[in-house]
Amino acid sequence: MARLTSLKYSAAILILLYALTFSFSVSARPATFLQDFKVSWSDSHIKQIDGGRAIQLILDQNSGCGFASKSKYLFGRVSMKIKLVPGDSAGTVTAFYMNSDTDNVRDELDFEFLGNRSGQPYTVQTSVYVHGKGDKEQRVNLWFDPSADFHTYTILWNHYHAVFYVDAVPIRVYKNNEAKGIPFPKFQPMGVYSTLWEADDWATRGGLEKINWSKSPFYAYYKDFDIEGCAMPGPANCASNPRNWWEGANYQQLSAAEARQYRWVRMNHMIYDYCTDKSRNPVTPPECVAGI
């Protein structure tokens, strides 16, 4: 009996240690805002709703606002549901992105939602920075009104690629082509950030449409905060663990259905691609010809 009790005790200790280790790497979500995030800019312009399960971001003539994750992550998936600024939102930018916050060598995966005049499509710009090198913008006109309801925006980042999703539809893929000499973000952990701010010098029609402050304050709403990844600092082997679900076979490349969706977006809704902008890139950048 004593031996059985000892075995049960040992098993319990092992389970507890496993759970503690796992908790550093993967977080079961969705979470409340304050579980994973903190206000990083203008506390007075971020309001918690429904016990912190949702938040409201506010932009007025006094300030925009922003929030950031409490931890940085090296690989994983981050998503949240966002309802964007409605009506005449020209000159506003709502951003949701990952960033290593390392100045000249920063890595970044970036959604930027560019406001519009009422009745025009909402444009989402995606950007990728690798080891401090950016200038990789693509723009897609969304095929729905993102201010009428919440929609899910997701960044999947693993050793194989970084994929930007809108409601589970892939709109951007940046593949790991290090074997071809193309840099890929894999060494620096990145935090998760979001901001609502005024950028009417470039955001809408290249800055031709200015913000209409008589329509302010402007509001964007967030909920269902979901981060699953390797939190840093944490177990040293987490980021390289092939058993992490986001490194699994189903996530190493787009499925056949996702590839069809990706082509549909690019054929019907893409309005700008740095890869084909010969005024900026007379020679096609190497990552653009490497495929998805």
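Quick caveat, the model's predicted, so the values are computed rather than measured. (Residues numbered from 1 in each chain as written. Predicted model: local features only at pLDDT ≥ 70, side-chain atom pairs only at ≥ 80, totals over all residues. Heavy atoms only, no water.)

Focus on the nonpolar core
Short version of the rule: Nonpolar cores were defined as sets of buried Ala, Val, Leu, Ile, Met, Phe, Trp, Tyr and Cys residues, with membership established by side-chain atoms within 4.5 Å. The rule is simple: take the accessible area with a 1.4 Å probe, protein chains only, and divide by the maximum for that residue type; under 20% is buried, over 50% is exposed, in between is partly exposed. Strands are runs of DSSP state E lasting at least 2 residues, helices are runs of H or I lasting at least 4, and numbering of each runs from the N terminus. Whether two residues touch is decided by their heavy atoms; if any such pair falls within 4.5 Å, the residues are in contact.
Membership of the largest hydrophobic core comes to 62 residues, with the highest contact counts inside it found for Phe67, Met80, Phe111, Tyr153, Trp157, Val192 and Tyr222. The element that contributes the greatest number of residues to this core is strand β14 (residues 218-232), accounting for seven residues. The residues contacting Met80, other than those within four sequence positions of it, are Phe37, Phe67, Phe96, His151, Thr152, Tyr153, Val192, Tyr222, Lys223, Asp224 and Phe225.

A short note on the pattern of salt bridges
For the record, the criterion: We define a salt bridge as a contact between a side-chain nitrogen of Lys or Arg and a carboxyl oxygen of Asp or Glu at a distance within 4 Å.
Under the definition given, this model contains eleven salt bridges. Linking Arg266 and Asp273 is a salt bridge whose minimum nitrogen-to-oxygen distance equals 3.1 Å. In this structure, a network of salt bridges that share partners links the residues Lys133, Asp135, Glu137 and Arg280.

Regarding the pairing of strand β2 (residues 46-49)
For clarity, the threshold we go by: Strands are labelled as partners when DSSP assigns at least two bridges between them.
Alignment of β2 against strand β3 (residues 54-59), held across four bridges, turns out to be antiparallel. Its bridge partner lying in β3, Ile49 is registered against Ala54. Where β2 folds back onto β3 in an antiparallel hairpin, the turn is made up of four residues, including Asp50, whose phi is positive at roughly 55 degrees.

Quick word on the sheet that holds strand β12 (residues 169-175)
What counts is decided by this rule: Geometry is summarised by axes, namely lines fitted to C-alpha atoms with helices restricted to the contacting stretch, and by angles between N-to-C directions that run from 0 to 180 degrees.
Spatially, β2-β3-β14-β5-β10-β11-β12 is the arrangement adopted by the seven strands of the open sheet, whose pairing is antiparallel. At either margin of the open sheet sits one strand with a lone partner, and together these are β2 and β12. Averaged over all adjacent pairs, the angle separating strand axes in this sheet is 20 degrees, with direction ignored. Pairing of strand β11 (residues 161-166) with β12 involves six bridges; the strand directions are antiparallel. When the bridges of β12 are listed, Ala162 appears paired with Tyr174. Helix α3 (residues 256-268) contacts β11 and β12 of the sheet and is inclined by roughly 95 degrees relative to β12.

What to know about the UniProt feature "glycosylation site" (unreviewed entry) in the protein
We count it as follows: UniProt positions are given in the numbering used here, feature names are shortened, and annotations may be inferred rather than shown by experiment.
As annotated by UniProt and renumbered to match this structure, "glycosylation site" (unreviewed entry) occupies Asn116. If you trace the backbone, Asn116 turns up in the loop between β7 (108-114) and β8 (123-129). Judged by relative accessible area, which is 5%, Asn116 ranks as buried.

With respect to the environment of Lys47
Where we set the bar: What qualifies as a polar contact is a pair of N or O atoms within 3.5 Å, subject to a donor-acceptor requirement within protein and to the restriction that residues adjacent in sequence count only when both atoms come from side chains.
Relative to the helices and strands, Lys47 resides in strand β2. For Lys47, a relative accessible area of 39% corresponds to the partly exposed category. Through-space distance from the C-alpha of Lys47 to that of Ile58 is 8.2 Å; in sequence the pair is eleven residues apart. Apart from residues no more than four positions distant in its own chain, Lys47 is found in contact with Ala54, Ile55, Gln56 and Ile58. Of note is the side chain of Lys47, whose polar atom sits 3.3 Å from the backbone oxygen of Ser44.

Here we look at the packing of aromatic side chains
Heads up, the condition is: When two rings of Phe, Tyr or Trp (its six-membered ring) have centres within 6.5 Å they constitute a pair, described as stacked for plane angles under 30 degrees, edge-to-face for angles over 60, and tilted for the intermediate range. Counted as over-ring charges are cases with an Arg CZ or a Lys NZ within 6 Å of the ring centre that also lie within 35 degrees of the ring normal.
In the structure shown here, the tally under the stated rule is 20 aromatic pairs. Pairing Phe75 with Trp157 gives two aromatic rings, centres 4.8 Å apart and planes at 45 degrees, and the pair type is tilted. Separated by 82 residues along the polypeptide, Phe75 in strand β5 (residues 72-83) and Trp157 in strand β10 (residues 151-157) bring together distant segments of the chain. Residue Phe75 is classed as buried on the basis of its relative accessible area of 2%. Trp157 gets classed as buried once you look at its relative accessible area, which sits at 0%. Between Trp143 and Phe144, the ring centres sit 5.6 Å apart and the planes meet at 85 degrees, which makes this aromatic pair edge-to-face. Members of the aromatic cluster, joined through ring pairs, are Phe33, Phe37, Phe67, Tyr222 and Phe225. Geometry around Tyr129 places Arg106 over its ring, the cationic atom sitting 3.8 Å from the centre.

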